[in-house]
Amino acid sequence: MQVEGSTFLVTGGSSGLGGATVRMLAERGAKVVIADINREDGVGFVAELGERVRFALTDVTSEPQVQASIETALDFGGSLLGVIHCAGIVTPRRVLDKDGIVHPLDLFAKGIQVNLVGTFNVTRLAAKAMAQNVPTSEGERGVIVNTASIAAFDGQIGQACYSASKAGVVGMTLPLARELARLGIRVMTVAPGVFETPMALEVSEAVRESLTRLALFPARLGRPSEFAALVGQIIENVMLNGEVIRIDGAVRMPPR
Ligand SMILES: NC(=O)c1ccc[n+]([C@@H]2O[C@H](COP(=O)([O-])OP(=O)(O)OC[C@H]3O[C@@H](n4cnc5c(N)ncnc54)[C@H](O)[C@@H]3O)[C@@H](O)[C@H]2O)c1
C-alpha cells in the first residue's frame, strides 16, 4: 500500500505513538484523520500539519463515533486505505494490594473495553469500509495496524488488566488476517517496548530509569518516530500480514 495520496485513520493520534504516526503520514503526502477523545491536542496537530490532517472526536469504544470518524475519512479522501490503531490506556493496579484491597472489577473491565474491545470495534468497522475499495494490482484493499505491547508477553506485577487486554490484541491478529485475506485486507500488530510518550511519563522517574536500564541496545527508551517508521514499512510492505512485531531494543521485562 502506498502512503502518498492514500487516506488513513489514526486512533489515539492526538498524542504519543499515534501523534508521531500522524506526522509521518502527513509529511509523506497522505491524508490523515485523527480519531481521539483528546480534542485539544488533536486540533493542535491539524493547526500544525495543515490541510492534510482532520480531527474527529472519537471514543474508540463507541460504534457510532468510530463509524462517524470513518465517514470523515471517506469524505476527506474518497476511500479509507489504512487504519493505525494507537488509542489505549494503562490501568496499573495489583490484584490484591499490600493493604488487602482487591482490584476493582470496573477498572479491569475499563482496560479491556478501551484496549481490546476498542481495537476490535475499529477493526471491524474499518474492514467494512475497506471492503468497498478497488483493489491495487496486488489485490490489496487495505491495511490495519493495531498496537499491543510487550506487556502482552512479559507483563509485570500490576499489569494483569493491561497485559490481558494487549494479549487479546495479539491473539486476534492472525484470525483477523486469515478472515480478511479474502478481501485483500492485511492485519498487523506492533508490540512496543517502553517509548517516550505522555503514557510512559506517567510512571515515576525511578521506574523510567530502571526501564531504560533493561534495554539491551540501544540503552534508551524508544522514540515515537521509530514506531512511526515501522508503521510506514508495514503499510508499504505487502508481505507483512498476520504477524506481531516487537519494537523494543531487545528488552525483556523482569518479574518485578
Ligand atoms: N508508550 C509506551 O511505552 C507504550 C508501550 C507499549 C504499548 N503502548 C501502546 O501504544 C498505544 C499508544 O500509547 P502512547 O504511549 O502513545 O499513549 P498516549 O497516552 O500518549 O496516547 C494515547 C492516546 O489514546 C487516546 N485515547 C485513550 N482512550 C481513548 C478512547 N477511548 N478513544 C479514543 N482515544 C483514546 C488518548 O487521548 C491519547 O491521545 C497504546 O495502545 C499503548 O498501550 C505504549
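Note that the coordinates shown come from a computational prediction; the quantities given were computed from them, not determined experimentally.

Concerning helix 2 (residues 39–49)
All of the buried residues in helix 2 are Gly42, Phe45 and Leu49. Along the long axis of helix 2, the arc covered by the buried residues comes to 55 degrees, so they all point the same way. Turned more than 90 degrees from where helix 2 packs its buried face, Glu40 and Ala47 sit exposed. Two residues or fewer after helix 2 comes Gly50, characterised by a positive phi angle close to 85 degrees.

Looking at the nonpolar core
Judged by nonpolar contacts, the single largest core of 32 residues is most densely connected at Leu25, Ile84 and Ile235. Counting residues per element, the ones that place at least two in this core are strand 1 (7–11), helix 1 (16–27), strand 2 (31–36), helix 2, strand 3 (53–57), strand 5 (142–147), strand 6 (185–192) and helix 8 (224–236). Excluding anything up to four places from it in sequence, Ile84 contacts Phe8, Leu9, Val10, Thr11, Thr21, Leu25, Val145, Val231 and Ile235.

Considering the packing of helix 1 against helix 8
Remark: helix 1 packs on helix 8, axes separated minimally by 8 Å, with the N-to-C direction vectors making an angle of 55 degrees. Here helix 1 is positioned oblique relative to helix 8, judged by the angle of their axes. Crossing geometry of helix 1 relative to helix 8 is assigned as right-handed. Between helix 1 and helix 8, the residues in contact are Gly16, Leu17, Ala20, Thr21, Met24 and Leu25 and Pro224, Ser225, Phe227, Ala228, Val231, Gly232 and Ile235, respectively. Along the lines of polarity and charge, the residues of the contact of helix 1 with helix 8 split into nine nonpolar, four polar and no charged.

Quick look at the packing of helix 4 (residues 105–130) against helix 6 (residues 160–180)
At a minimum axis separation of 8 Å, helix 4 and helix 6 run at an interaxial angle of 20 degrees. By the criterion of interaxial angle, the relationship of helix 4 to helix 6 is roughly parallel. In this structure, helix 4 crosses over helix 6, and the sense of that crossing is right-handed. The residues of helix 6 that touch helix 4, namely those facing Leu107, Phe108, Gly111, Ile112, Asn115, Leu116, Thr119, Phe120, Thr123 and Ala127, are Ala160, Cys161, Tyr162, Ala164, Ser165, Lys166, Gly168, Val169, Met172, Leu176 and Leu180.

As for the site of the ligand
Near the ligand you find 28 residues, and of these Ser15, Asp36, Tyr162, Phe195 and Thr197 are the closest. Taking Thr58, its main chain carries an N or O atom lying 3.5 Å from a nitrogen atom of the ligand. If the ligand stood free it would expose 820 Å²; the protein chains cover 92% of that surface. Of all the secondary structure elements, the ones that give two or more residues to the shell around the ligand are helix 1 and helix 6. For the shell around the ligand, a count of residues per class yields 14 nonpolar, eleven polar and three charged.

Concerning the layout of surface pockets
Considering only enclosed or pocket space, the second largest pocket measures out at about 170 Å³ in volume. As for the second largest pocket, its lining consists of 14 residues, and the residues nearest its centre are Arg220, Leu221, Gly222, Asp248 and Gly249. Split into classes, the residues belonging to the lining of the second largest pocket amount to eight nonpolar, three polar and three charged.

What about the environment of Val114?
The topology assignment puts Val114 in helix 4. C-alpha of Val114 to C-alpha of Thr61: the two residues are 53 residues apart in sequence and 6.0 Å apart in space. Residues contacting Val114, with those up to four places away along its chain left out, are Val60, Thr61, Gly88, Ile89 and Thr119.

Describing the packing of aromatic side chains
Following the criterion strictly, the structure yields zero aromatic pairs and no others. Here the guanidinium or amino end of Lys31 rests over the ring plane of Phe76, the centre of that ring lying 5.3 Å away.

The rules we used
Residues numbered from 1 in each chain as written. Predicted model: local features only at pLDDT ≥ 70, side-chain atom pairs only at ≥ 80, totals over all residues. Heavy atoms only, no water. Buried < 20%, exposed > 50% of the residue type's maximum accessible area, 1.4 Å probe, protein only. Helix = DSSP H or I, 4+ residues; strand = E, 2+ residues; numbered from the N terminus. Arc of directions from axis to C-beta. Core = buried A, V, L, I, M, F, W, Y, C linked by side-chain atoms within 4.5 Å. Contact = heavy atoms within 4.5 Å. Axes fitted to C-alpha atoms, helices over the stretch in contact; angles between N-to-C directions. Parallel < 35°, antiparallel > 145°, perpendicular 65-115°, else oblique. Left-handed = near helix turned anticlockwise from the far one by under 90°. Nonpolar A, V, L, I, M, F, W, Y, C, P; charged D, E, K, R; others polar. Near = heavy atom within 4 Å. Polar contact = N/O pair within 3.5 Å; in protein donor to acceptor, adjacent residues only side chain to side chain. Areas by Shrake-Rupley, 256 points an atom, 1.4 Å probe, with all protein chains shown as cover. 1 Å grid on protein atoms, 1.4 Å probe; cavity = no way out; pocket = protein on both sides within 12 Å on 5 of 7 lines; lining within 4 Å. Points joined across faces, edges and corners; volume = space filled by probe spheres on them. Phe/Tyr/Trp six-rings, centres within 6.5 Å; stacked < 30°, edge-to-face > 60°. Lys NZ or Arg CZ within 6 Å of the ring centre and 35° of its normal.

The values reported here are purely geometric and, on their own, carry no functional implication.
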